[in-house]
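Tertiary structure, described
The residues making up each chain are set out below.
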Amino acid sequence: AQKVTQAQTEISVVEKEDVTLDCVYETRDTTYYLFWYKQPPSGELVFLIRRNSFDEQNEISGRYSWNFQKSTSSFNFTITASQVVDSAVYFCALSEAGIQGAQKLVFGQGTRLTINP
Amino acid sequence: DAGVTQSPTHLIKTRGQQVTLRCSPKSGHDTVSWYQQALGQGPQFIFQYYEEEERQRGNFPDRFSGHQFPNYSSELNVNALLLGDSALYLCASSLGGWVYEQYFGPGTRLTVT
């Protein structure tokens, strides 16, 4: 069965510190996709990144970077030089090919990140 | 380019009542998924609609039903409301294939009293 675990429930850091959010997943499929979403206080989930199971290359987008390691079933997210605007709940999610090609996202419990000025 | 829209924003209902939530997908998207997010939890998949058919369903009772219209918009209906149905209901839209990312709307906050 699919499962996503975000062991860090809450993280609090001071602005400009680097912070890493952990994500560990379980799946029996060899083909799957991993995602990160940000949920600010407004409630809307904002898509950050998608990674397929065949591409283990790390990705960097500005202050954000992602480290995908199949050997440890992890897909960690690092924010460099954090800013107050990064404060939000962050979700890691997993998707396998479902019935008739449907996509069911399985989410972790989320990590609440607070960046203090 | 309009994103995913949902209505209403907030809703208060009484136990036993029925509720209908609405969603309009992002322009160009043909697939709509619904999720329930309880306070402090990650979203839970309810079901997904494509070509006006329910394509996959999560572990939710039959009290939860849906519909997709020819213009790809969708409704989520919940009958015989329970206190435990209080949650944020999120609609997400995407292209038809499972490899694409889902874009979420702002949600409908349902409170059952």
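Preceding block: the structure.
Residues numbered from 1 in each chain as written. Chains lettered and ligands numbered in written order. Predicted model: local features only at pLDDT ≥ 70, side-chain atom pairs only at ≥ 80, totals over all residues. Heavy atoms only, no water.

**A word on the pattern of salt bridges**
Let me state the cut-off plainly: Between Lys or Arg on one side and Asp or Glu on the other, a salt bridge is scored when a side-chain nitrogen of the former is within 4 Å of a carboxyl oxygen of the latter. Burial classes follow relative accessibility: with a 1.4 Å probe on protein chains only, a residue under 20% of its type's maximum area counts as buried, one over 50% as exposed, and anything between as partly exposed. A run of H or I in DSSP counts as a helix once it spans at least four residues, and a run of E counts as a strand once it spans at least two, with each numbered from the N terminus.
Enumeration over the complete set of coordinates arrives at seven salt bridges over all chains. A salt bridge links Glu 59 of chain A to Arg 51 of chain A; the shortest N-O distance between them is 2.7 Å. By relative accessible area, Glu 59 of chain A is classed as partly exposed at 31%. Look at Arg 51 of chain A and you get buried, because its relative accessible area is 7%. For Asp 85 of chain B, the salt bridge is made with Arg 63 of chain B, and the minimal N-O distance between the two is 2.9 Å. Of this pair, Asp 85 of chain B sits in the loop between strand 8 (74-78) and strand 9 (87-94) while Arg 63 of chain B sits in the loop between strand 6 (53-57) and strand 7 (64-68), and the two are 22 residues apart along the sequence.

**Some thoughts on the layout of surface pockets**
Going by this rule: Lining residues are those with an atom within 4 Å of a point, where the points come from a 1 Å grid over the protein atoms alone and group into cavities, where a 1.4 Å probe fits but cannot get out, or pockets, open sets with protein on both sides within 12 Å along at least five of seven lines. Grid points are joined across faces, edges and corners, and a volume is the space filled by probe spheres set on the points.
Reported here for the largest pocket is a volume of approximately 560 Å³. Forming the walls of the largest pocket are 28 residues, and the residues nearest its centre are Gln 39, Val 89 and Arg 112 of chain A together with Gln 37 and Gly 40 of chain B. When contributions to the lining of the largest pocket are tallied by element, the ones reaching two or more residues are strand 10 (88-97) and strand 12 (111-116) of chain A. Among the elements that line the lining of the largest pocket, the one with the most residues is strand 12 of chain A, at four residues. By volume, the second largest pocket is sized at about 240 Å³. Surrounding the second largest pocket, 15 residues form its lining, Lys 104, Leu 105 and Val 106 of chain A together with Gln 44 and Phe 45 of chain B being those nearest its centre.

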